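Structure assessment
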Amino acid sequence: MLKGKNILLGISGSIAAYKIPLLVRLLKKEGANVQVVMTESARDFVTPLTLSTLSDNPALTQPFDSVDGSWNSHVDLGIWADLMIMAPVSANTLAKMANGIADNLLVTTYLSAKCPVFFAPAMDLDMYKHPTTKKNVEILMSYGNFVIEPTQGELASGLCGAGRMEEPENILRVIEEYLSNNKPLSGKKAVISAGPTYELIDPVRFIGNFSSGYMGKCIAEELAEQGADVCLVMGPSHLKSEHPKVNQINVVSSAEMFDQCTKAFHNSDIGVMSAAVADYRPIETAENKIKKKTDILKIDLVKTQDILAELGSMKRSDQFLVGFALETENEVENAKGKLQRKNLDFIVLNSLNDKGAGFRHKTNKISIIDKKLERTSFDLKSKEEVAKDIVKKIIDDL
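What comes next is a walk through the structure.

What counts as what
- Residues numbered from 1 in each chain as written.
- Predicted model: local features only at pLDDT ≥ 70, side-chain atom pairs only at ≥ 80, totals over all residues.
- Heavy atoms only, no water.
- Axes fitted to C-alpha atoms, helices over the stretch in contact; angles between N-to-C directions.
- Helix = DSSP H or I, 4+ residues; strand = E, 2+ residues; numbered from the N terminus.
- Parallel < 35°, antiparallel > 145°, perpendicular 65-115°, else oblique.
- Contact = heavy atoms within 4.5 Å.
- Buried < 20%, exposed > 50% of the residue type's maximum accessible area, 1.4 Å probe, protein only.
- 1 Å grid on protein atoms, 1.4 Å probe; cavity = no way out; pocket = protein on both sides within 12 Å on 5 of 7 lines; lining within 4 Å.
- Points joined across faces, edges and corners; volume = space filled by probe spheres on them.
- Nonpolar A, V, L, I, M, F, W, Y, C, P; charged D, E, K, R; others polar.
- Expected span 1.5 Å × (residues − 1).
- Pairing = 2+ DSSP bridges.
- Disulfide = S-S within 2.5 Å.

**Re the packing of helix α1 (residues 20–29) against helix α2 (residues 48–55)**
Here α1 crosses α2 at 10°, and the two axes come no closer than 9 Å. Of the possible angle classes, the one that applies to α1 and α2 is roughly parallel. Of the residues in α2, those in contact with Ile20, Pro21, Val24, Arg25 and Lys28 of α1 are Thr50, Leu51, Leu54 and Ser55.

The following block contains the structure:
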């Protein structure tokens, strides 16, 4: 959930700062990129060397680097961050945040942040109970910031009560719950088909194609990253999604894929059919291996069930359906016809004539054609980036 997320971690002068190295380690373990910004007084409680070692980034305290004179831009940091955690927040820093007193790098960075901000107060009991502190917390919350309330416990002064900064494990849990519940596809269910199908001729031979299923896997995982619960129906492939929100069902034939996709689509909000499903299958499958006895072998084929057409016919007004068209000629016309015949919300067109696109590549080059028959073309990209483009289109249309 935190993989690849840019996390700004702001530390102010409080004894609770000794807990922050553990929070950095937890964030890094989850795959986040961590940048620490700290006040000068925070250095009295935890060293920049410790934090820079654990975060793999210099721990910043000043707007300018005293060695080379380079500028640590609070503006750039504010744009870079996907989320900011202020922990611990002393009464002094809390007051500066609430009143816009930008006299250090930490507060100027906070004021520049374009992302959600969480703050975890840490101070003595009487300070936390003071009306000024309560008012400052209310002000910050009114700005859309999220407070991580301090807990009850023994404080540095020897008093016992509220004011103890929440433990790093619980701060991480709060962040993960927020990200899980505030993604654009949270609460949505999606079914994705991917890979080839194998239509058996005999126990050792089949009709198939070169699809690996990688494009569909990337789409499934991007939908999951955006909050959806995903059912990935994967044809014969060595690929396996490890994403916790992706339930992968492995199938072999088009008939098995038909059954699983139609079953899952009933309870889904989104369907993306990216599999390269065989158009024909043998009428009969030989029980034993066919021996090479004649110069010519004829196999009678029959059409397979059209998964996309079936989903299009059963699609409700509250469901969203996306299809794929892999073409070699009359590409746009064929894709538009498929879009309309099969009642799709948009279709993804890719051509085997484009270098680096289609089967057996880690890249793809696509166009998206919507219901209005308007076409948006994209450059050659990695399939992970193509998946982001497709999912963004789904989100925008929804």
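Resuming the write-up.
**Some details on helix α4 (residues 91–99)**
Side chains of residues three or four places apart in an α-helix project in the same direction, reflecting 3.6 residues per turn. Within α4, the full set of buried residues consists of Ala91, Thr93, Leu94, Lys96, Met97 and Ala98. Check the buried side of α4 and you find it contacts β3 (83–89), α5 (105–112), β4 (117–121), α6 (125–129) and α7 (131–142). A positive phi of about 70° marks Gly100, the residue just after α4.

**Details of empty space enclosed by the protein**
Under the counting rule described, the total for this entry stands at one cavity of 30 Å³ or more. Each pocket or cavity is described by its volume, and for the largest cavity that value is around 30 Å³. The wall of the largest cavity is formed by Met1, Ser180, Lys183, Ala224, Glu225, Gly227 and Lys245. Taken together, the residues of the lining of the largest cavity break down into two nonpolar, two polar and three charged.

**Things to note about helix α13 (residues 383–397)**
Between its first and last C-alpha atoms α13 spans 21 Å; for 15 residues at 1.5 Å apiece the expected length is 21 Å, and the two agree. Taken as a whole, α13 has its buried residues at Lys383, Val386, Ala387, Asp389, Ile390, Val391 and Ile394.

**Focus: the sheet that holds β3**
Taken in spatial order, the five strands line up as β2-β1-β3-β4-β5 in an open sheet, and their pairing is parallel. Sheet topology places β2 (33–38) and β5 (146–147) at the edges, where each strand pairs with a single neighbour. As paired elements, strand β1 (residues 6–11) and β3 share four bridges and run parallel to each other. Of the residues in β3, the one forming a bridge with Gly10 is Met86.

**Focus on the sheet that holds strand β12 (residues 246–250)**
With mixed pairing, eight strands are arranged side by side in an open sheet as β12-β11-β8-β13-β16-β17-β19-β20. Two strands in the sheet have a free side with no partner beyond their single neighbour: β12 and β20 (375–377). Direction aside, neighbouring strands of the sheet carry axes that sit 15° apart on average. The sheet contact formed by strand β8 (residues 189–194) and strand β13 (residues 270–273) spans four bridges and is parallel. Following the sheet pairing, Ala190 is matched in β13 by Ile270. Of the strands in this sheet, β8, β11 (229–234), β12, β13 and β16 (320–327) touch helix α9 (residues 214–225), which is tilted by about 170° from β11. Here α13 sits on the sheet in contact with β13, β16, β17 (346–351) and β19 (366–370), set at roughly 15° to β19.

**Observations concerning the state of the cysteines**
By the definition in use, this model includes zero disulfides. You can see Cys261 has no disulfide; the closest cysteine sulfur is in Cys231, sitting 7.4 Å from it. With a relative accessible area of 0%, Cys261 lands in the buried category.

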